[in-house]
Amino acid sequence: MPDFLLEIGCEEIPARMIDAGSQELRDRVAALLQRERLGAPEVTALDTPRRLAVIASGISAAQADVVEQVTGPSVNVAYKDGQPTAAAHAFAKKAGVDVSQLQTVSTPKGDYIAAKVTKKGRTAAEILAEGLPKEIATIYWPKNMYWRKPNERFVRPVRWLVAMLDDEVILLELFGIRAGNVSRGHRILTDTAVPISRAGAPYVDSLRAAKVLGRAEREHQIRKALDAAARNIPGARWREDKPLLDTVVNLTEFPSVILGGFDPQFLALPEEVLVTVMRDHQKYFALEDASGKLLPHFLAVLNTDSDPSGLIRQGNERVLRARFNDARFFWETDQKKSLLERLESLRHVTFQKDLGSYYDKTQRVQRLCSWLAEILKQNDVTVRPGVIHKAACLSKTDLTTELVKEFTELQGIVGGLYARAQQLDPSLPEATRFAIADAIYDHYKPESTDDNIPRSLEGAVLSIGDKADTIAGMFGLGFVPSGSKDPFALRRQANGIVKVIAEKKLPIRISELMRDARTGYQKSEAQKKFVDDQRYADSVNTFFRERLEFYLRDVCGYPYDVVKAVLAADADDVVDSLARADAVKQVLYLPEFQAIGAACKRIRNILRQAEEKGIAPAASVEALKDSSEEEKNLIRYLDKSGPTVEQHRKKKEYLQALQLLSTAREPVDRFFDKVMVMVEDKHVRANRLALLRTLLQQFSTIADFSEIVTEAKA
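(A) Here's a closer look at the side chain of E631. Its location among the elements puts E631 in helix α23 (residues 629-650). Side-chain polar atoms of E631 contact the side chain of N687, separated by 3.3 Å. Leaving out residues up to four positions away in the same chain, E631 has contacts with F671, V675, N687, R688 and L691.

(B) Highlighting the environment of L567. Looking at the secondary structure, you find L567 in helix α20 (residues 560-569). Take L567: its relative accessible area is 2%, and that puts it in the buried class. Sequence separation between L567 and R545 is 22 residues; the distance between their C-alpha atoms is 7.6 Å. What L567 contacts, discounting residues up to four positions off in sequence, is R545, L548, E549, L552 and S577.

(C) Fine view of the environment of A599. Along the chain, the position of A599 falls in helix α22 (residues 591-612). Residues in contact with A599, not counting those within four places in the same chain, are V668 and F672.

(D) Examining the sheet that holds strand β4 (residues 66-74) more closely. The strand order β4-β8-β7 describes an open sheet built from 3 strands, whose pairing is antiparallel. Strand pairing shows two members of the sheet lacking a second neighbour, β4 and β7 (103-107), which therefore form its edges. Going across the sheet, the axis of each strand differs from the next one's by a mean of 45°, ignoring polarity. As defined by bridge partners, β7 adjoins strand β8 (residues 110-119) across 5 bridges and the pair is classed as antiparallel. Along β8, the bridge assignment pairs T104 with I113.

(E) Inspection of helix α18 (residues 510-519) at higher detail. Of all the positions in α18, only I510, L513, M514, D516, A517 and R518 are classed as buried. For α18, the elements touching its buried residues are α11 (358-378), α16 (457-476), α17 (490-504), α19 (533-555) and α21 (574-587).

(F) View of the sheet that holds strand β17 (residues 284-288). Pairing is antiparallel across the open sheet formed by 4 strands, whose spatial order is β15-β17-β18-β16. With partners counted over all chains shown, the strands left at the sheet margins are β15 (237-238) and β16 (256-261), one partner each. Note: β17 against strand β18 (residues 294-302), 4 bridges, orientation antiparallel. Bridge assignment links Y284 to a residue of β18, and that residue is A300. Packed on one face of the sheet, helix α9 (residues 311-334) meets β16, β17 and β18 and runs near 50° to β16.

(G) Spatial organisation of the packing of α22 against helix α25 (residues 665-674). One can describe the packing of α22 onto α25 by two numbers: an axis separation of 10 Å at closest approach and a directional angle of 45°. With respect to α25, the axis of α22 lies oblique. For the pair α22 and α25, the sense of crossing is left-handed. Touching P591, E592, A595, I596, A599, R602, I603 and I606 of α22 are R665, V668 and F672, all from α25. Classifying every residue of the contact of α22 with α25 by side-chain character gives 8 nonpolar, no polar and 3 charged.

(H) Geometry of the nonpolar core. With 140 residues, the main nonpolar core has M514 and F544 as its most contacted residues. Tallying contributions element by element places α16 first for this core, with 10 residues. When near neighbours in sequence (up to four residues on either side) are disregarded, F544 contacts I471, A494, I497, V498, I510 and M514. Counting residues in each nonpolar core, the second largest holds 37 residues, with L132, I139, V158 and L174 among its members.

(I) Broad picture of the packing of helix α12 (residues 385-394) against helix α15 (residues 430-442). Their axes nearest at 9 Å, the elements α12 and α15 cross at an angle of 50°. One element, α12, and the other, α15, form an angle in the oblique class. The two elements α12 and α15 cross, and the hand of that crossing is right-handed. In contact with V387, K390, A391 and L394 of α12, α15 contributes T432, A435, I436, A439 and I440.

(J) Region of the structure containing the pattern of salt bridges. Counting across every chain of the model gives 60 salt bridges. E219 is the partner of R215 in a salt bridge, and the nearest nitrogen-oxygen pair spans 3.2 Å. With R215 and E219 both in helix α6 (residues 215-230) and 4 residues apart, the pair spans about one turn of that helix. Of the charged contacts in the structure, one is a salt bridge between R342 and D334, with a shortest N-O distance of 3.6 Å. A single burial state applies to R342 and to D334, both of which are buried. Via salt bridges that share partners, D19, R215, E219, R223, E240, K242 and D246 belong to a single interconnected network.

The rules behind these values
Residues numbered from 1 in each chain as written. Predicted model: local features only at pLDDT ≥ 70, side-chain atom pairs only at ≥ 80, totals over all residues. Heavy atoms only, no water. Helix = DSSP H or I, 4+ residues; strand = E, 2+ residues; numbered from the N terminus. Polar contact = N/O pair within 3.5 Å; in protein donor to acceptor, adjacent residues only side chain to side chain. Contact = heavy atoms within 4.5 Å. Buried < 20%, exposed > 50% of the residue type's maximum accessible area, 1.4 Å probe, protein only. Pairing = 2+ DSSP bridges. Axes fitted to C-alpha atoms, helices over the stretch in contact; angles between N-to-C directions. Parallel < 35°, antiparallel > 145°, perpendicular 65-115°, else oblique. Left-handed = near helix turned anticlockwise from the far one by under 90°. Nonpolar A, V, L, I, M, F, W, Y, C, P; charged D, E, K, R; others polar. Core = buried A, V, L, I, M, F, W, Y, C linked by side-chain atoms within 4.5 Å. Salt bridge = Lys/Arg side-chain N within 4 Å of Asp/Glu carboxyl O.

Here it is in structure tokens:
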């Protein structure tokens, strides 16, 4: 049971691509080992900017021999007058057995001859040498390079390969490089060949001696070094930033940290600007005091062990000072022109070549947000339409500022900061101006499912309106995301709409939102290129149903069958779907609902079969003289409970409605035990089908219980 090692040595891989590439390599190697019957060991990874490596401990040295039954010609062809024919002899020779060892097997097509053949297992080294090149070459990368042949592509040029089973080298060749047992150490600190004596732990130890650490070790070392460096400033702490930490981990092989400083006068600039410059442009960690206030210091992670002369620190301080000076210059230059004065400039900023300018988008978003504000007011939600209107008007003006042109990550944020700093309208109270600024600041939020939603209701409305306008325009043009292709990030924006509606509990129906978002393009040049209304509505509804399913299942954690059942009843009202999912989850494992779920499946099947045979239910249910007592009992149950269930449903008291529906188990069970639905009497049959249809409709107003998985549940 040898250990297996594969290391692909490259030129520096972009930090943002390492995690996904490493995970895919790990998955592909694990799948290859299982597929080829070499065991199912845990496959671990060791990835750095210069290498992707996987280690599988204790794989099979070779496949086990397999005895297979091989089928040949039919008995009638293989034997004549009880003697084997030429066909039988040819089959036996091909199978490698004597003709006397042939057997007869019966199949649905008749009797055939067969032979048991022992298939010799291949060695792991042979399988891996053959299979790994294909697995490696098909790893997905956002961008590839080629350096030998155009058909040989990888994320970065491959410079060395290590492939071993214990201490034996696998005869693997990839990109013109033969695998060996020699890796390479840290580019700066050692830059030497590193012989690998054996796969597994010795490989990790050899790299560690050559100043190359695994991912977990690097993160631990960086955290310790950040803590130690921050202690040099009394009362300081480094600002936790997981995305930045992940980035610097993937930029280093043997990290260390230096403490640097900058002129405190730069603290007059907004914190968002300073932190963006440090984090996004220089990969520095910010320092703050106990109250969270920014300090005039930073921490930089190096891909080396020290900076004894301080030259690296001085260089980093010099670069940061220049960056901060640029930011200050842009800030001061931008203040010479107010956001209101910038509105007209948006006519010259293209939103999308077919959808017009950002000025056009601003007008559409204003109208859409006004409609949303009216809907909220009609549903007794307190909202300030004036704040929304003004914020929508100014929301994109920061795209014309020098600061956003230089630091594009700050779009929206800069608009909010400038709205706070500038006198938008002398007649506006300061609180109103700040509310407008907050809405602008937050309107790109949430940028992921982990991001916060806008703080204010006005910001939430602007966020929804802006995203809905983008999705409506792109879907109108037929740009629907498919597979991994989503160049306009429409899934992310739809996820944001769902998250904002859900967490703010807004009474907004998706179909109405997207219908009115499309209406905003009426009489525009873009509309002439739009798909028809029905195709648009169908694609948008399907798209948002998928996004809501993702939110309920992956973000909220509801079981997949609960999500399917709830969305089968209604996938248009996000808040209502959440309420129904919560109610269904609470009753899901009750025995009554397990039985009802099975009954709903049975009812749906009966109704489907009747429809296929052209048998229609009656228009309404009635108690016939030929009706059985169980049938009448179920009708009485529906007449009695139906109105109450409907009252609970209208009040959104879903748990109470479901608890009442649970009492249907007894009359439903009795009905199916004693009553035959598909009888000869057409009148009775139609009445019973109508009864089942009514019963299914009553259950399905909250969730389609036929979607609930009843097997293997307690």
